[in-house]
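Chains, contacts and geometry: an overview
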Amino acid sequence: MPGMPEWQNKNFRGKNLIMTLSCHKLYLPTAIMLVVTLLACAGCKENNTSSDKLGVCVSILPQAEWVKAIGGDKVDVTVMIPPGASPHVYEPTASQMKAMTNSEIYAAVGSGIEFELNFLGKLLEINPGILLVDCSQGVQLIEVEEHQHGEEHPDEHNNSYDPHIWLSLTNTGIMATNICNGIVATDPDNEEYYKQNLNQYLNELDEMHQTFKQGFSNLVNRVFIIQHPSMGYFARDYGLIQIAAEEGGSDATIQSMVNVIEQAKQNQVKIIFVSPQFPPNVADAVAREIEGTVEPLDTLAENYCENMQNIFDLMHGAMAASQTT
Ligand SMILES: [Zn+2]
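The present account deals with the structure reproduced in this document. (Residues numbered from 1 in each chain as written. Predicted model: local features only at pLDDT ≥ 70, side-chain atom pairs only at ≥ 80, totals over all residues. Heavy atoms only, no water.)

Here's the deal with the overall build of the protein chain
Threshold: Where helices and strands are cited, they refer to DSSP runs of H or I of at least four residues and of E of at least two residues respectively, numbered from the N terminus. Between buried and exposed lies partly exposed: a residue is buried under 20% and exposed over 50% of the maximum accessible area for its type, with that area taken using a 1.4 Å probe on protein chains only. In what follows, a contact means two residues having at least one pair of non-hydrogen atoms within 4.5 Å. The Shrake-Rupley method, run with a 1.4 Å probe sphere, supplies the accessible areas, and residue values consider only the shown protein chains as cover.
Secondary structure summary: the protein chain contains 12 helices and 10 strands in total. The proportion of buried residues among the 325 residues of the protein chain is 49%. Long-range contacts, defined here as pairs at least 24 residues apart, represent 67% of the contacts in the protein chain between residues at least 6 apart. Only carbon and sulfur atoms are counted for the fraction: they give 54% of the accessible area of the protein chain, which is about 15,000 Å².

See below:
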């Protein structure tokens, strides 16, 4: 559409996302909740415009740090998926849907997390005037082979994309820039302020990235094992090898666990990582087999940069340890 800013015009995978969403079957409880919310929200927009802050809604906690780093005290951030919840199964509450009506911008991860595939379209119907930003615009997605086993899917393989794009400092630079473009388009008067904040944050991200690159460069063993395959982009950024029990994001199978145990033994890896959003039963079983330990690694913490530093320390420590055994 002429005159529309590039990123909105091209519109993002979101448009297809929205298209596909609308034909997705809506969970009945959610449908009822939606109607209730729509009715309840009909009157609430007015009495909340008092806040002169820009309302920005995001799906996952890490995005909240990016929005605050760019918007400072000019933004109010609403995070849909709360601490401890998984973006693969979480369903929004009625009060969250209501809160959505107070936002001017929805910054979607855009890489195919189930929460957005299942609910974003309906969330947007509640607030059709909201500006939708696709944070994944410009991010090089990793294609993954989905493994489905069992009766219905005898060894079926489909291709999809690894949705965990936020666990990469280079991707985050792109995602934060997309968010900044959305904020500037909504509040152009403060463009300079937002762009200055963005550049400062991009410098911080790049400094960390250079340090991580240097840190991993002298490692011989570059294999790490993990229960849920959320670190594919991190591994790509630093030439590491991710071995996951939940192959392609599907539930772990005996075969996939045997594979992980063999790889761990071959590479003297004694640590298996697990995210606090998932029950660690698979990781516990693998750890027993390799006489190793389970190490929590949070992939959805709000203090994004601090947490990425923590992830670096854990990963580097585990791989350095496996070199000496
Ligand atoms: Zn995941």
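Read on, since the account is not over.
Concerning the nonpolar core
Cut-off, in case you're wondering: Put simply, buried Ala, Val, Leu, Ile, Met, Phe, Trp, Tyr and Cys residues joined by side-chain atoms within 4.5 Å make one nonpolar core. The source of the domain bounds is an automatic or database domain assignment.
Core analysis: the largest hydrophobic core is formed by 74 residues, its most contacted members being Tyr106, Phe216, Phe234 and Met315. Two domains each donate at least three residues to this core, and these are domain 1 (6-205) and domain 2 (218-324). The next biggest cluster of nonpolar side chains, apart from the first, holds 17 residues, and it includes Val223, Ile243, Ala285 and Ala287.

Some details on the coordination of the zinc ion
Definition in use: Metal-coordinating donors are taken as N, O and S atoms lying within 2.8 Å of the metal, or within 3.2 Å when the metal is Na, K or Ca; because water is left out, some sites can appear incomplete.
Only His88 (NE2), His164 (NE2) and His228 (NE2) from the protein coordinate the zinc ion, and they sit 1.9 to 2.0 Å from it. We note that the donor set of the zinc ion lies within a single chain, spaced as H-x75-H-x63-H. On the criterion of sequence distance, the pair formed by His88 in the loop between β2 (75-79) and α5 (94-100) and His228 in the loop between β7 (223-226) and α9 (232-238) is long-range, its members being 140 residues apart. With respect to class, His88 is no different from His228; both count as buried.

So, the pattern of salt bridges
What counts, and what does not: Each reported salt bridge corresponds to a side-chain nitrogen of Lys or Arg within 4 Å of a carboxyl oxygen of Asp or Glu.
Per the counting criterion, the structure on display carries 3 salt bridges. Between Lys122 and Glu125 there is a salt bridge, with its nearest N and O atoms 3.1 Å apart. A residue pair is termed a helical-turn pair when its members lie 3 or 4 positions apart in one helix, as Lys122 and Glu125 do in helix α6 (residues 114-126) at 3 residues. Relative accessible area serves as the criterion here: at 44%, Glu125 is assigned to the partly exposed category. With a shortest N-O distance of 2.9 Å, Lys195 and Glu191 are connected by a salt bridge. Note that Lys195 and Glu191 are positioned in helix α8 (residues 191-217) at a spacing of 4 residues, about one turn of the helix. Among the residues examined, Glu191 registers a relative accessible area of 34% and is labelled partly exposed.

Considerations on α8
Note the following rule: Take the number of residues in a helix, subtract one, and multiply by 1.5 Å to get its expected span.
Compared with an ideal rise of 1.5 Å per residue, which puts 27 residues at 39 Å, α8 spans 38 Å between its outermost C-alpha atoms and is within 8% of the ideal. By the burial criterion, the buried members of α8 are Tyr194, Asn197, Leu198, Tyr201, Leu205, Met208, His209, Phe212, Gly215 and Phe216.

Quick look at the side chain of Gln227
Tracing the sequence through the fold places Gln227 in the loop between β7 and α9. The exposure class of Gln227 is buried, given its relative accessible area of 2%. Setting aside residues no more than four positions away along its own chain, Gln227 makes contact with Ala244, Ala245, Glu246, Ile272, Phe273, Val274, Phe278, Pro279, Pro280, Asn281, Val282 and Ala283.

Re the packing of aromatic side chains
Defined as follows: Stacked, tilted and edge-to-face are the three classes assigned to paired rings of Phe, Tyr and Trp, where Trp is represented by its six-membered ring and a pair needs centres within 6.5 Å; plane angles under 30 degrees give stacked, over 60 edge-to-face, the rest tilted.
Overall, the coordinates contain 11 aromatic pairs when judged by the stated rule. With 6.3 Å between their ring centres and 55° between their planes, Phe212 and Phe234 make a pair best called tilted. Pair noted here: Phe212 is in helix α8 and Phe234 is in helix α9, with a separation of 22 residues, a long-range link. Residue class for Phe212 comes out buried when judged on its relative accessible area of 0%. Judged by its relative accessible area of 1%, Phe234 is buried. Plain terms: the ring middles of Phe212 and Phe312 are 4.6 Å apart, the flat faces sit at 10° to each other, and that makes the pair stacked. Of this pair, Phe212 sits in helix α8 while Phe312 sits in helix α12 (residues 304-324), placing them 100 residues apart in sequence.

Re the sheet that holds strand β1 (residues 54-58)
Under the convention used in this document: The criterion for strand pairing is that DSSP finds at least two bridges linking the strands in question. Angular values range over 0 to 180 degrees, each being the angle between N-to-C directions of two axes fitted as lines to C-alpha atoms, with helices fitted over their stretch in contact.
Taken in spatial order, the 4 strands line up as β2-β1-β3-β4 in an open sheet, and their pairing is parallel. Looking at the sheet topology across the chains shown, the edges are occupied by β2 and β4 (131-134). Going across the sheet, the axis of each strand differs from the next one's by a mean of 25°, ignoring polarity. As defined by bridge partners, β1 adjoins β2 across 5 bridges and the pair is classed as parallel. Residue Val56 lies in a different strand from β2, and its bridge partner there is Val77. Set on the sheet, helix α4 (residues 61-71) makes contact with β1, β2 and β3 (105-108); between it and β2 the angle comes to about 175°. Contacting β1, β2, β3 and β4, helix α7 (residues 169-186) runs over the sheet at an angle of about 160° to β4.

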